[in-house]
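Chains, contacts and geometry: an overview
Residue strings, one per chain:
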Amino acid sequence: MAALAAVLALPAAGQEEIAPPVTLPALFSVAGVAPGDVLNIRAEPDAAAEKIGELAPDAVGVEVTARTAPDGWGRVNTGERAGWVSLGFLAPQDGGALPEVSRLSCFGTEPFWSLDADAGGLSNLSDPEGEALFLTGPVQPGAGRSDVFGVTGGAAGRTLALAIRAAECSDGMSDRLYGLSATVLVGGTMPRTLAGCCSLDTAER
C-alpha cells in the first residue's frame, strides 16, 4: 500500500540511538528482587529521587520505553506519569520487542480513537465514526530500517494500515511517555488518517 510505504519512510530525526542487544520499547520481567520486596519506580533516574510507584518481584510485561544507558535506568509508565527503574533488576522477555510482539494498544486524541491491534488476528478500531473489526496481517519491519514497522488489514469494503515508528510519544492527556508513535490510515467509504501513540501489549483479549 503506497500510503503505508510513505509513512514508513518518515525520517527518525532526533531519535536517541539504542544500543544492542535490546531495542526499545520492549517488555521486561522483574528479576533479582526478593519475595516480599518491591522494585521502586523513581521520579528521576536516581536512587535518591522520589519514589512514585513500585513493581512486584514477579512482575512481567513491564514496558521500558527509554533508557539512560544500556545498564542504567529504564523509563516506565506508572499511573498517569512516567518514572524510572533500575535496569539491573529487569530481564528482557523473549519475543518482547517488535516485530515479534503482535499485540499493541494504540490510541490518540483530537479525535479520540483507539486500536486494539492483534497482528495476525482481528484488530478493533474505535473512533468517532464507530467501531470496526479488521483482519490484520503480521507486523512487518520497514525496508532497511530498524525503527519502523507496519501492519495492514482489511474488512468488507475497508482497509486499515498502521504505521509505527520508534519515537517518544505523548498522549497529550497525561504525563505518560510512550516509545512508539503511530499513524492509522483507514480506507473505504469514509477514509481518514489518525495519529497517536502505541504501547506493547501482552494481555489476553
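Scroll up to find the structure this text is about.
Note on numbering: residues in each chain are counted from 1, in written sequence order. The predicted nature of this model means local features are confined to residues of pLDDT at least 70 and side-chain atom pairs, given and counted, to a pLDDT of 80 or more, with totals for whole chains, interfaces and linings taken over all residues. Only hydrogens and water are removed before side-chain values are computed, so all heavy atoms of the structure are retained for them.

Notes on the sheet that holds strand β8 (residues 90-97)
- Pairing is antiparallel across the open sheet formed by 3 strands, whose spatial order is β4-β1-β8. Because the sheet does not close on itself, it has two edges, and the strands there are β4 (62-64) and β8. This sheet shows a mean twist of 45 degrees between the axes of neighbouring strands, independent of strand direction.
- Any two strands with at least two DSSP bridges between them are considered paired. For the purposes of this entry, the term helix denotes a DSSP run of H or I that reaches at least four residues, the term strand denotes a run of E that reaches at least two, and both are numbered from the N terminus. Bridge count for strand β1 (residues 26-30) against β8 is 4 bridges, and the pairing is antiparallel. Within β8, the residue paired with V30 across the bridge is L90. Interaxial angle, 0 to 180 degrees, is taken between N-to-C directions of lines fitted to C-alpha atoms, where a helix line uses only the stretch in contact.

Points about unusual backbone geometry
- With an omega of 10 degrees, the peptide bond running from L98 to P99 counts as cis.
- When you line up the elements, P99 lands in the loop between β8 and β9 (103-108).
- Each neighbour pair has its own omega, and for E110 with P111 the value is 5 degrees, a cis peptide bond.
- Of note in the backbone geometry, E110 takes a positive phi value of approximately 50 degrees without being a glycine.

Some points on the side chain of S174
- Relative to the helices and strands, S174 is located in the loop between β15 (158-170) and β16 (177-187).
- Each residue's exposure class comes from its accessible area (1.4 Å probe, protein chains only) as a fraction of the maximum for that residue type: buried when under 20%, exposed when over 50%, partly exposed otherwise. Residue classification places S174 among the buried residues on the basis of a relative accessible area of 14%.
- Each polar contact in these results corresponds to two N or O atoms within 3.5 Å; when the atoms are within protein, one needs to be able to donate a hydrogen and the other to accept it, and residues that are neighboring in sequence are counted only if both atoms are side-chain atoms. Within the structure, S174 has its side chain in polar contact with the side chain of D171 (distance 2.9 Å).
- Side-chain polar atoms of S174 contact the backbone nitrogen of R176, separated by 3.2 Å.

Overview of the environment of L39
- Relative to the helices and strands, L39 resides in strand β2 (residues 39-42).
- Each C-alpha atom, one on L39 and one on P57, is 6.7 Å from the other, the two residues being 18 residues apart in sequence.
- With near-sequence residues (within four places) excluded, L39 lies in contact with V30, V33, G53, E54, L55, V85, S86, F89 and L90. Throughout, a residue-residue contact means that at least one pair of heavy atoms, one from each residue, lies within 4.5 Å.

Digging into the packing of aromatic side chains
- The criterion for an aromatic pair is that two Phe, Tyr or Trp rings (for Trp, the six-membered ring) have centres within 6.5 Å, with stacked assigned to planes under 30 degrees apart, edge-to-face to planes over 60 apart and tilted to the rest. In the structure shown here, the tally under the stated rule is 1 aromatic pair.
- Here the aromatic rings of F107 and Y178 are separated by 4.9 Å at their centres, their planes lie at 65 degrees, and the arrangement is edge-to-face. Here Y178 lies in strand β16 and F107 lies in strand β9, a separation of 71 residues in the sequence. Both residues of the pair, F107 and Y178, belong to the buried class.
- Across the ring face of F134, the terminal group of R158 is positioned such that the distance to the ring centre comes to 5.4 Å. The rule for a charge over a ring is simple: NZ of Lys or CZ of Arg within 6 Å of the ring centre, and within 35 degrees of the ring normal.

Section: the pairing of strand β7 (residues 81-86)
- Sheet analysis places strand β6 (residues 73-78) next to β7, joined by 6 bridges and oriented antiparallel. Bridge assignment links N77 to a residue of β7, and that residue is A82.
- The loop that links β6 with its antiparallel partner β7 comprises 2 residues; one of these, G79, has a positive phi angle of about 60 degrees.

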